[in-house]
Amino acid sequence: MTEQRQRPRRRGQGELEALVLAALREADGPATAGWVQDRLGGDLAYTTVITILTRLLAKGAVTRERAGRSFAWTPASDQAGLAAHKMRRVLDSESDREAVLASFVTGLGPDDERLLRELLGQSRNEGED
C-alpha cells in the first residue's frame, strides 16, 4: 500500500483575507508581508500573502506605505467593514436596487430586522444634528 501525502485543506479567498486582516490587527504598527506570513504560521507562500494584501488594498481594507524596497501594511477596516464593503459591491452590481434591498430585508429574522430598524433610526437622528 502506498502512503499518500496529506495535502493541507484549501482555504477560500474570504477566509484568507480574514486571517490576514486579523494578523495585521495584532501588529503593533504597520507590518510587512513577511511578518504576516510568519504570524500565520508560515504555511502560506509569501506570494500568496502579497496577493491577499493587494486584493485587500484594492478593496480599501488595508493601506500600505513604503518600507525600504517593500511595503508595510496597516488595516483600514475591520471584518465588519470588509463585509459591508462586499455587500455594497453586490448591491452596486444589480440593476434593481429596490428589489434587492426588499428581498434582503424580508429575509431577515426578527432580531436582525429590529437591529436594522434601530440602526436606521440612529442614522436618521444623527442627520438631524
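Above this note sits the structure.
Residues numbered from 1 in each chain as written. Predicted model: local features only at pLDDT ≥ 70, side-chain atom pairs only at ≥ 80, totals over all residues. Heavy atoms only, no water.

Trainee: Describe the packing of aromatic side chains, with residues and values.
Mentor: A complete count under the given rule lists one aromatic pair for this structure. The ring of F71 has R64 lying over it, and the distance from NZ or CZ to the ring centre is 4.0 Å. (Phe/Tyr/Trp six-rings, centres within 6.5 Å; stacked < 30°, edge-to-face > 60°. Lys NZ or Arg CZ within 6 Å of the ring centre and 35° of its normal.)

Trainee: Which residues make up the pairing of strand β2 (residues 62–67), and what values do they have?
Mentor: In the sheet, β2 pairs with strand β3 (residues 70–75) via six bridges, with the strands oriented antiparallel. Residue pairing in the sheet places R64 in a bridge with W73 of β3. (Pairing = 2+ DSSP bridges. Helix = DSSP H or I, 4+ residues; strand = E, 2+ residues; numbered from the N terminus.)

Trainee: Give me the sheet that holds β3: which residues, what numbers.
Mentor: Within the open sheet, the three strands sit side by side as β1-β3-β2. Their pairing is antiparallel. With partners counted over all chains shown, the strands left at the sheet margins are β1 (31–32) and β2, one partner each. Relative to β3, β1 is paired through two bridges, and the arrangement is antiparallel. Residue pairing in the sheet places A31 in a bridge with W73 of β3. On top of the sheet, helix α3 (residues 46–58) reaches β2 and β3; it is set at about 120° to β2, its chief contact. (Contact = heavy atoms within 4.5 Å. Axes fitted to C-alpha atoms, helices over the stretch in contact; angles between N-to-C directions.)

Trainee: I'd like a description of α3, backed by residues and values.
Mentor: Helix length check: α3 (13 residues) gives 19 Å between terminal C-alpha atoms against 18 Å at 1.5 Å per residue, within 8%. In the stretch just after α3, G60 is the one whose phi turns positive, near 80°. (Expected span 1.5 Å × (residues − 1).)

Trainee: Any chance you could break down the nonpolar core for me, citing the residues and the numbers?
Mentor: Counting residues in hydrophobic clusters, the biggest one holds 18 residues, and the most contacted among them are V20, L24, L53 and L56. At the level of elements, α1 (13–26), α2 (33–39) and α3 are the ones that each hand at least two residues to this core. Here the element with the most residues in this core is α1; it accounts for five residues. Those residues within four positions of L56 in sequence are excluded, and the remaining contacts are E17, V20, L21, A61, V62 and L82. (Core = buried A, V, L, I, M, F, W, Y, C linked by side-chain atoms within 4.5 Å. Buried < 20%, exposed > 50% of the residue type's maximum accessible area, 1.4 Å probe, protein only.)

Trainee: Break down the packing of helix α4 (residues 79–92) against helix α5 (residues 97–106) for me, citing the residues and quoting the values.
Mentor: Interhelical geometry of α4 versus α5 gives an angle of 135° and a closest axis separation of 9 Å. Here α4 lies oblique to α5, going by the angle between them. Contacts between α4 and α5 involve M87, L91 and D92 from the first element and R97, V100, L101 and F104 from the second. Tallied by class, the residues present in the contact of α4 with α5 amount to five nonpolar, no polar and two charged. (Parallel < 35°, antiparallel > 145°, perpendicular 65-115°, else oblique. Nonpolar A, V, L, I, M, F, W, Y, C, P; charged D, E, K, R; others polar.)

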